[in-house]
Every structure is written in structure tokens, then in C-alpha cells.
Amino acid sequence: PHRAAFADLVLAGAGRPLTTHAADELLGAVHRRLRLDALAGASRSAAWLTVVVALVAVLLHLLVRPVSVLSVALAVTITWGVALLRALVTPIKAPECAAWADRHLGGGCAYETFLEARGNEGSLAAAPARQRLAQWIDESAPRSLARLAATPHDAGVLRPAAVALVAALLASALLLMPAQ
């Protein structure tokens, strides 16, 4: 099946879109990884913003006027919702995935070049280069996928989330105390 797909690709030649299942699979895996990174970054930001909201709420409660726990909970919920929603709706484009794969998975510039070649019709003179690129991608993408799978994903969310939880609990306890 692998040779048949490559034969179809080679027969397509210049003037037809450059496609290879291996590249699509790799770029899809990188897309999922980048989405996880975006969600982790949003979670870290929301956690630190939770600490700030808790601190501001306690200061307002102690120095200005009473603040309800419900209003702080609402502010924290909105903070997390906006951060995560933004991470989910921000598009991750194929060139971003290709550039990440080139930098982190040993693609050189092949994956970015692949996307450029896929988007351009090209001339007949480019057919051998397109075929070599497709062959290189088909041979290298499984190694890149294995490398991606072996790369640990350190989201770095645990510490900020723990600090946010402690801050929220302390703020809740302090907000339940009568204001002076």
C-alpha cells in the first residue's frame, strides 16, 4: 500500500497537487501537540490570573468594602473561560505546524517546502524535485512521528494550578470573615 501511494504521487507529477499521507499524518500530530501547548499556556495564564484576582479581592475586602465569594468565583470562572476559549479558537495553521516539525523533529526545511510545493502547481522541470521531496517525507515522517511521541510534553500547569487553588482557598476564607 505504501508503494502504491508513492506511485500515485510520482505519476501525478508536476501540475497536480503534491500529496503524501505521511506528511498529513505528521502535520496532524504536530497540530494536536501545538493545540495542547496552547491550552497549557492558557491554563498557566488563567492560574496566575486567579492568584491576582484572589489578591485584589482580599485587598478590596479588607481596605475598601466587602467582596462576596460569589463575585470572586464569577471573576475566576470568566478568567478561565476566556483563556481556554481563546486557546481553542485561535487557529493553528499548517505552516506553523510544518515550521515546528522542521525545528523540533529533524525536518530541516522539508515540511515547510512540502507545504509550499503542495500549494504551487510547479513546472514539469520541478517534477523530479517534487518526487524526491515526497520520497524523503514518506521515509522521514515515521521517524519524526516516533520522535514526537517520544518527546515528553511538559505542560507546566501543575505548579500554577496548585498556587491558584491555595490562593482561591485562602481568599475564600478571608472573604468570609467580616470586613473591618
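Residues numbered from 1 in each chain as written. Predicted model: local features only at pLDDT ≥ 70, side-chain atom pairs only at ≥ 80, totals over all residues. Heavy atoms only, no water.

A.B. asks: Teacher, can you tell me more about the nonpolar core here?
C.D. replies: Nonpolar side chains tend to gather and get buried jointly when the protein is soluble and globular. In terms of nonpolar packing, the biggest core is built from 23 residues, with L26, V30, L105, Y111 and I137 touching the most fellow members. Counting only elements with at least two residues in this core, the list comes to α2 (21-63), α4 (94-104), α5 (110-119) and α6 (127-150). Sorting elements by how many residues they give to this core places α2 first, with seven residues. Not counting residues up to four positions away in its chain, the partners in contact with L26 are A101, L105, Y111, A141, S144 and L145. Grouped together as the second largest cluster of nonpolar side chains are five residues, A57, V67, V72 and L175 included. (Core = buried A, V, L, I, M, F, W, Y, C linked by side-chain atoms within 4.5 Å. Buried < 20%, exposed > 50% of the residue type's maximum accessible area, 1.4 Å probe, protein only. Helix = DSSP H or I, 4+ residues; strand = E, 2+ residues; numbered from the N terminus. Contact = heavy atoms within 4.5 Å.)

A.B. asks: Explanation requested: a nonpolar patch on the surface in the structure shown.
C.D. replies: On the surface, a cluster of nonpolar side chains totalling about 840 Å² of accessible area is made up of L49, V52, L55, V56, L59, L60, L62, L63 and V64. Along the chain, L49 falls in helix α2. On the basis of relative accessibility, which here comes to 43%, the residue L49 falls in the partly exposed class. (Patch = residues over 30% accessible without salt bridge, like charges linked within 9 Å, V, L, I, M, F, W, Y side chains within 5 Å. Areas by Shrake-Rupley, 256 points an atom, 1.4 Å probe, with all protein chains shown as cover. Salt bridge = Lys/Arg side-chain N within 4 Å of Asp/Glu carboxyl O.)

A.B. asks: Would you take a moment to explain α4 for this structure?
C.D. replies: Helical geometry note: an α-helix holds 3.6 residues per turn, so side chains three or four residues apart project in the same direction. Taken as a whole, α4 has its buried residues at C97, A98, A99, W100, A101 and D102. Turning to α4, the residues buried within the fold contact α2, α5 and α6. Just downstream of α4, G106 is the residue with a positive phi angle, here 75°.

A.B. asks: Please explain helix α3 (residues 69-89) as it appears in this structure.
C.D. replies: End to end, α3 covers 30 Å across 21 residues, agreeing with the expected 30 Å (1.5 Å per residue, within 8%). Buried within α3 we find V72, V76, T79, A83 and A87. Taken end-on, α3 shows its buried residues confined to a sector of 55°, consistent with a single buried face. Exposed side chains of α3 directed beyond 90 degrees from the buried face belong to L70, L74, T77, V82, L85 and V89. (Expected span 1.5 Å × (residues − 1). Arc of directions from axis to C-beta.)

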